[in-house]
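Here's the letter readout for the chains.
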Amino acid sequence: MKKRDAILRTHFADRICHWFMVICFLLVALSGLSWFFPTMNWLNGVLGTPQMARILHPILGIVVFLALMFLFVRLVKYNLPEREDLIWIANIKSVLQGKHMKGLQIGKYNAGQKLLFWGIMSLISLLLISGLVVWRAYFAEYFPIPVIRIGLLLHSFAGICLILLIMGHAYMGFWVKGSIDSMITGYVSKLWAKTHHDRWYKKVTTKQTKTTGEK
Ligand code: HEM
């Protein structure tokens, strides 16, 4: 892709944070699954030994939470609900069929991505709170057993939901051609931006034209 045909979509700091978080998330998710499904018990070696998994799972979980908070601060302004999101939602059927309709007025992220953003942020917060309650080494002794049981239930529920959400997110990242470039090189083509995020494209190119005078 020639530089003049490309638009910067994801800054370096966000990309590094995203992929570092993906690795940590994978390790946390696999070790968590090893305790949830007996048939997946063999996965508890993913962090070296089962004992190491017990120690590192909560610590890596906190790392994922902090990384997501970094992304939250950097990206929340693009994920706030807007009136134009209703157009995307009203046309969800065609969007899912891969028809690139004009005039959907999509900003930097579409309504689906915004829902996913808030879903991820809510679930990771629930995981953090319930995780602290059931963290036997430090906090569990301060809570009565029924609270720990509810904590475990919520922790498992939120964990499974987040894993399913991330599987959908990763699938979309590969399925929508050109999307993954946004998280690898940081750049997307102007054509991609125009097709998938028309309102954002207009905003960015208008800004560029104003600063460089380039058409
Ligand atoms: C192999 C796994 C993954 C792939 C392929 C992937 C891919 C992507 C891509 C391509 C984007 C940019 C979308 C765009 O610019 O339109 C993105 C954004 C993002 N990803 Fe991932 N991702 C993966 C795993 C994860 C995980 C594990 C998390 C969190 C636990 C996560 C959280 C996010 C967040 C918060 C954003 C920003 C979205 C927004 O602001 O609306 N991703 N991802």
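All of the points below concern the structure found in this document. This one's a predicted model, so the numbers in the text were calculated from it and none came from an experiment. (Residues numbered from 1 in each chain as written. Predicted model: local features only at pLDDT ≥ 70, side-chain atom pairs only at ≥ 80, totals over all residues. Heavy atoms only, no water.)

**Side note on the nonpolar core**
A general trend in soluble globular proteins is that nonpolar side chains are found buried together. One finds Met-21, Phe-25, Val-64, Leu-68, Ile-124 and Leu-162 to be the most contacted residues of the largest nonpolar core, which totals 29 residues. At the level of elements, helix H1 (12–36), helix H2 (50–75), helix H5 (111–133) and helix H6 (145–175) are the ones that each hand at least two residues to this core. With eight residues, H2 is the single largest residue contributor to this core. Residues contacting Met-21, with those up to four places away along its chain left out, are Val-64, Ala-67, Leu-68 and Leu-71. Formed by eight residues, the second largest nonpolar core is a distinct cluster that contains Ile-7, Trp-192, Ala-193 and Tyr-201. (Core = buried A, V, L, I, M, F, W, Y, C linked by side-chain atoms within 4.5 Å. Buried < 20%, exposed > 50% of the residue type's maximum accessible area, 1.4 Å probe, protein only. Helix = DSSP H or I, 4+ residues; strand = E, 2+ residues; numbered from the N terminus. Contact = heavy atoms within 4.5 Å.)

**Structural notes on the side chain of His-196**
Inspection of the secondary structure assignment puts His-196 in helix H8 (residues 190–196). Other than its neighbours up to four places away in sequence, His-196 contacts His-100, Ile-106, Val-176 and Lys-177.

**Section: the coordination of the iron atom of the ligand**
Bound to the iron atom of the ligand are the protein donor atoms His-18 (NE2) and His-169 (NE2), situated 2.0 Å from the metal. In this structure, the iron atom of the ligand is coordinated by six donor atoms arranged in octahedral fashion, with angles at the metal of 85 to 180°. Here His-18, found in helix H1, pairs with His-169, found in helix H6; they are 151 residues apart in sequence, far enough to count as distant. (Donors = N, O, S within 2.8 Å, 3.2 Å for Na, K, Ca; no water. Tetrahedral: all angles 85-135°; square planar, octahedral: opposite > 155°, others 65-115°.)

**Quick look at the site of the ligand**
Lining the immediate environment of the ligand, one finds 20 residues, of which Arg-9, His-18, Asn-79, His-169 and Ser-182 sit closest. In the model, a nitrogen atom of the ligand is placed 2.9 Å from a nitrogen or oxygen of the His-18 side chain. Interatomic distance of 2.7 Å between a side-chain N/O atom of His-169 and a nitrogen atom of the ligand. Within the residue set of the shell around the ligand, elements represented by two or more residues are H1, H5, H6 and helix H7 (179–184). Residues that form the shell around the ligand fall into these classes: 13 nonpolar, six polar and one charged. (Near = heavy atom within 4 Å. Polar contact = N/O pair within 3.5 Å; in protein donor to acceptor, adjacent residues only side chain to side chain. Nonpolar A, V, L, I, M, F, W, Y, C, P; charged D, E, K, R; others polar.)

**Observations concerning the packing of aromatic side chains**
Think of a pair of aromatic rings as described by two things: how far the centres are apart, and how the planes are tilted against each other in angle. For the coordinates displayed, the defined rule picks out nine aromatic pairs. Each ring, one from Phe-72 and one from Phe-117, has its centre 5.8 Å from the other, and the planes form 15°; the classification is stacked. Residue Phe-72 is located in helix H2, and its partner Phe-117 is located in helix H5; the two are separated by 45 residues in the primary sequence. Accessibility expressed as a relative area gives 23% for Phe-72, which makes it partly exposed. Between Phe-117 and Trp-118, the aromatic rings sit 5.5 Å apart at their centres with planes inclined by 85°, giving edge-to-face as the arrangement. Among the aromatic residues, those joined into a ring-pair cluster are Phe-72, Phe-117 and Trp-118. Cation over ring: Arg-9 sits above Trp-200, and NZ or CZ is 4.7 Å from the ring centre. Here Arg-54 stacks its cationic end above the ring of Trp-35, 4.4 Å away from the centre of that ring. (Phe/Tyr/Trp six-rings, centres within 6.5 Å; stacked < 30°, edge-to-face > 60°. Lys NZ or Arg CZ within 6 Å of the ring centre and 35° of its normal.)

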